[in-house]
Amino acid sequence: MRVIDHVIAGAAGAGSSRRSDVFDPNSGAVQAQVTLGTAADLDRAIAAAQAAQPGWAATNPQRRARVMFRFKELVEANMEALAHMLSSEHGKVIADSKGDIQRGLEVIEFACGIPHALKGEYTQGAGPGIDVYSMRMPLGIGAGITPFNFPAMIPMWMFGVAIACGNAFILKPSERDPSVPVRLAELMLEAGAPAGILQVVQGDKEMVDAILDHPAIGAVSFVGSSDIAHYVYQRGVAAGKRVQAMGGAKNHGIVMPDADLDQVVADLSGAAFGSAGERCMALPVVVPVGDKTADALREKLIPAIEALRVGVSTDAEAQYGPVVNAAHKARVESWIQTGVDEGAELVIDGRGFQLQGHEQGFFIGPSLFDRVTPAMKSYQEEIFGPVLQIVRAPDFETALRLPSEHQYGNGVAIFTRNGHAAREFAARVNVGMVGINVPIPVPVAYHSFGGWKRSAFGDVNQHGMEGVRFWTKVKTVTQRWPDGAPDGSNAFVIPTMG
């Protein structure tokens, strides 16, 4: 049985005998095992990071950028192999896996511009002969704890900016699909990063807690469920770390009466069901305004959803593949039953779906609910599967309140031809990322990603200039070069003191 180990100090190796199964979601079979590391393994990675980071920080930003350029080239050259590796462990179709990798590369492209992004502020003549300037300094060692649903994109969102800023980085990926992060670390070494600058430690909660408690780690970035995000934030901050912890979501799509319903249906087919709904920026709730809009949308949605092709990851014609494992399949199907028990109308039931020749795979057909209400638990919580819920709203104000009052505030979209309605919605909605006729409003890499409310804990978003701020600390220097006599007759005086 193949074993997936850590990458510590530039080499693969395991210090722990504990292991966890890695499944092929298409067949349900165990295809490998991953090492579950211990605090001792983390200590080895910390020692390697401490040895490498000072020299890396002293390397000028332009040379660090050249490593990022080379890493980008290597990932692009290995795109096909990386996508198949990703799909074989996650289950998403190859096109989605390539998109996963490409969205991560966009942050690497931003990191290639780090010499410009790290430029500080400068004031000449702040006082008599006094200049003041600021420098953005690396924190030292950062860590990332990443989820199973984007095993390439989210690690690159984190380590790309952190490493370009001069930090060493320790990545703890999901134990469900750990191979791609290992390969990315290998490619970073090949690109010219010193051993110890990007390391991978495999593990479960034991490793997470070790990262949160270790005094040598200055900052932690996390993406996962909201309950765990809150835990990570509280424990990390209590240990004196800087923490950004991105949680769950329940993104809404508001459909105004003037919206192009054909386009809405096409957008929802991808946004709600793509990647089997295993995305924190999926669009699992659609809110048509007015019953006339709701009835017309439902009529168009049903044949579109029934036409979706569910297939194995390598099926080029499939819209989506299996979910990640059997436990998650059972969880999603349990939420569907909860919706039924709560009184929602199950228009299309995806439970019991089997793919011929892959009957043991973790497949779920697309499901559609109508007449879901805000009081239902299935509406309040994140399902994270191929399930779309229709929540009818009588008017614009009600539609605006639904995402604004929900416990999650990651993303939201409005579909309309009315510029005033879109502008009003974007300004007033209590959600961190807004799309206007854009179903999945993930910002481009040179802007920043981050939700509100229980979708994010911490004050600084991911990537873009927010990422640079998170992975650096500011040092401000006040300087004066004396031109007076050696006896101090032209002594230095801070301007505000006299």
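First, a word on scope: everything that follows refers to the structure included in this document.

Reading guide: rules and limits
- Residues numbered from 1 in each chain as written.
- Predicted model: local features only at pLDDT ≥ 70, side-chain atom pairs only at ≥ 80, totals over all residues.
- Heavy atoms only, no water.
- Helix = DSSP H or I, 4+ residues; strand = E, 2+ residues; numbered from the N terminus.
- Rg over C-alpha atoms; globule rule 2.2 N^0.38 Å.
- Buried < 20%, exposed > 50% of the residue type's maximum accessible area, 1.4 Å probe, protein only.
- Contact = heavy atoms within 4.5 Å.
- Areas by Shrake-Rupley, 256 points an atom, 1.4 Å probe, with all protein chains shown as cover.
- Lys, Arg positive; Asp, Glu negative; His and termini not counted.
- Charge placed at Lys NZ, Arg CZ, Asp CG, Glu CD.
- Pairing = 2+ DSSP bridges.
- Axes fitted to C-alpha atoms, helices over the stretch in contact; angles between N-to-C directions.
- Salt bridge = Lys/Arg side-chain N within 4 Å of Asp/Glu carboxyl O.
- Phe/Tyr/Trp six-rings, centres within 6.5 Å; stacked < 30°, edge-to-face > 60°.
- Lys NZ or Arg CZ within 6 Å of the ring centre and 35° of its normal.

## Some thoughts on the overall build of the protein
Line of reasoning, step 1. Per the secondary structure count, the protein includes 16 helices and 23 strands.
Line of reasoning, step 2. Rg of the C-alpha trace for the protein: 25 Å, near the compact-globule value of 23 Å for 498 residues, within the 12% margin.
Line of reasoning, step 3. For the protein, the proportion of its 498 residues judged to be buried stands at 55%.
Line of reasoning, step 4. Partitioning the contacts of the protein with sequence separation of at least 6, the portion at a separation of at least 24 is 73%.
Line of reasoning, step 5. On the protein, roughly 19800 Å² of surface is accessible, and the fraction owed to carbon and sulfur atoms is 52%.
Line of reasoning, step 6. For the protein, the separation between the mean place of its 43 positive charges and that of its 52 negative charges on side chains is 5 Å.

## Examining the pairing of strand β19 (residues 411–415)
Line of reasoning, step 1. Most of β19 is tucked away: five of the five residues are buried.
Line of reasoning, step 2. Side chains G411, A413 and F415 of β19 all project onto a buried face; the interleaved residues V412 and I414 project onto the opposite face, where all are buried too.
Line of reasoning, step 3. When strand β13 (residues 252–255) meets β19, the two strands line up parallel, connected through four bridges. Bridging across to β19, G253 finds its partner in A413.
Line of reasoning, step 4. Where β19 and strand β20 (residues 433–436) come together, four bridges link them in parallel fashion. Note on β20: the bridge partner recorded for V412 is V434.

## Notes on the sheet that holds strand β7 (residues 130–138)
Line of reasoning, step 1. Spatially, the three strands line up as an open sheet ordered β6-β7-β23, and their pairing is antiparallel. Edge positions in the sheet fall to β6 (122–127) and β23 (472–480), since each has one partner strand and no second. Sheet twist, expressed as the mean angle between neighbouring strand axes with direction ignored, is 30 degrees.
Line of reasoning, step 2. When β6 meets β7, the two strands line up antiparallel, connected through three bridges. Bridged to T123 within β7 is V132.

## Brief notes about the pattern of salt bridges
Line of reasoning, step 1. Summed over the entire model, instances satisfying the criterion amount to 30 salt bridges.
Line of reasoning, step 2. D41 is paired through a salt bridge with R44; the nearest N and O atoms lie 3.2 Å apart. Of this pair, D41 and R44 both sit in helix α1 (residues 39–58), three residues apart, which is roughly one turn of the helix.
Line of reasoning, step 3. Judged by relative accessible area, R44 falls into the partly exposed class, the value being 40%.
Line of reasoning, step 4. Ionic pairing is found between R351 and D349, a salt bridge with its closest N-O pair at 2.9 Å.

## Observations concerning the sheet that holds β19
Line of reasoning, step 1. The seven strands are arranged β15-β16-β17-β14-β13-β19-β20 in an open sheet whose pairing can be described as mixed. Looking along the sheet, the strands with just one partner apiece sit at the ends: β15 (345–348) and β20. Across the sheet, the mean angle separating the axes of adjacent strands is 20 degrees when strand polarity is ignored.
Line of reasoning, step 2. Of the pairings in the sheet, the one linking strand β16 (residues 367–370) to strand β17 (residues 387–390) comprises three bridges and is parallel in character. By the bridge assignment for β17, L368 is matched with L388.
Line of reasoning, step 3. Here helix α12 (residues 326–342) sits on the sheet and contacts β15, β16 and β17; the angle it forms with β16, its principal contact strand, is near 25 degrees.
Line of reasoning, step 4. Contacts from helix α14 (residues 396–405) reach β13, β14 (285–288) and β19 within the one sheet, and its direction differs from that of β13 by about 175 degrees.

## What to know about the environment of D177
Line of reasoning, step 1. By the secondary structure assignment, D177 is in the loop between β9 (168–172) and α7 (179–191).
Line of reasoning, step 2. Residue class for D177 comes out buried when judged on its relative accessible area of 2%.
Line of reasoning, step 3. Distance from D177 to L82, taken between C-alpha atoms, is 12 Å for residues 95 residues apart in sequence.
Line of reasoning, step 4. Discounting chain neighbours no more than four positions away, the residues touching D177 are E89, H90, F148 and P151.

## Some words on the packing of aromatic side chains
Line of reasoning, step 1. Scanning the entire structure with this criterion turns up 10 aromatic pairs.
Line of reasoning, step 2. Between W157 and F449, the aromatic rings sit 4.9 Å apart at their centres with planes inclined by 50 degrees, giving tilted as the arrangement. Within this pair, whereas W157 is found in helix α6 (residues 153–164), its partner F449 is found in the loop between β20 and β21 (452–453), the two being separated by 292 residues in sequence. Across this residue pair, the class does not change: W157 and F449 are buried.
Line of reasoning, step 3. Put simply, the rings of F71, F159, F169, F470 and W471 touch in pairs and so form one group of aromatic residues.
Line of reasoning, step 4. The ring of F150 carries the charged tip of K92 above its face, separated from the ring centre by 4.0 Å.

## Here we look at the environment of Y408
Line of reasoning, step 1. Within the fold, Y408 resides in strand β18 (residues 408–409).
Line of reasoning, step 2. With 157 residues separating them in the primary sequence, Y408 and N251 have C-alpha atoms 7.9 Å apart.
Line of reasoning, step 3. In this view, Y408 contacts S226, G248, A249, K250, Q380, E381, E382, P403, W452, K453, R454 and S455; residues no more than four positions away in its chain are not counted.

## Details of the environment of G277
Line of reasoning, step 1. Mapped onto the fold, G277 is located in the loop between α10 (261–273) and β14.
Line of reasoning, step 2. The exposure class of G277 is buried, given its relative accessible area of 3%.
Line of reasoning, step 3. Linking G277 and F384, residues 107 residues apart in sequence, is a C-alpha distance of 5.5 Å.
Line of reasoning, step 4. Each residue touching G277, except ones within four places of it in the same chain, is listed here: A272, A282, F384, G385 and P386.

## A closer look at the side chain of S275
Line of reasoning, step 1. By the secondary structure assignment, S275 is in the loop between α10 and β14.
Line of reasoning, step 2. On the basis of relative accessibility, which here comes to 3%, the residue S275 falls in the buried class.
Line of reasoning, step 3. Ignoring sequence-local partners within four residues, the contact set of S275 consists of H90, K92, D96 and Y320.

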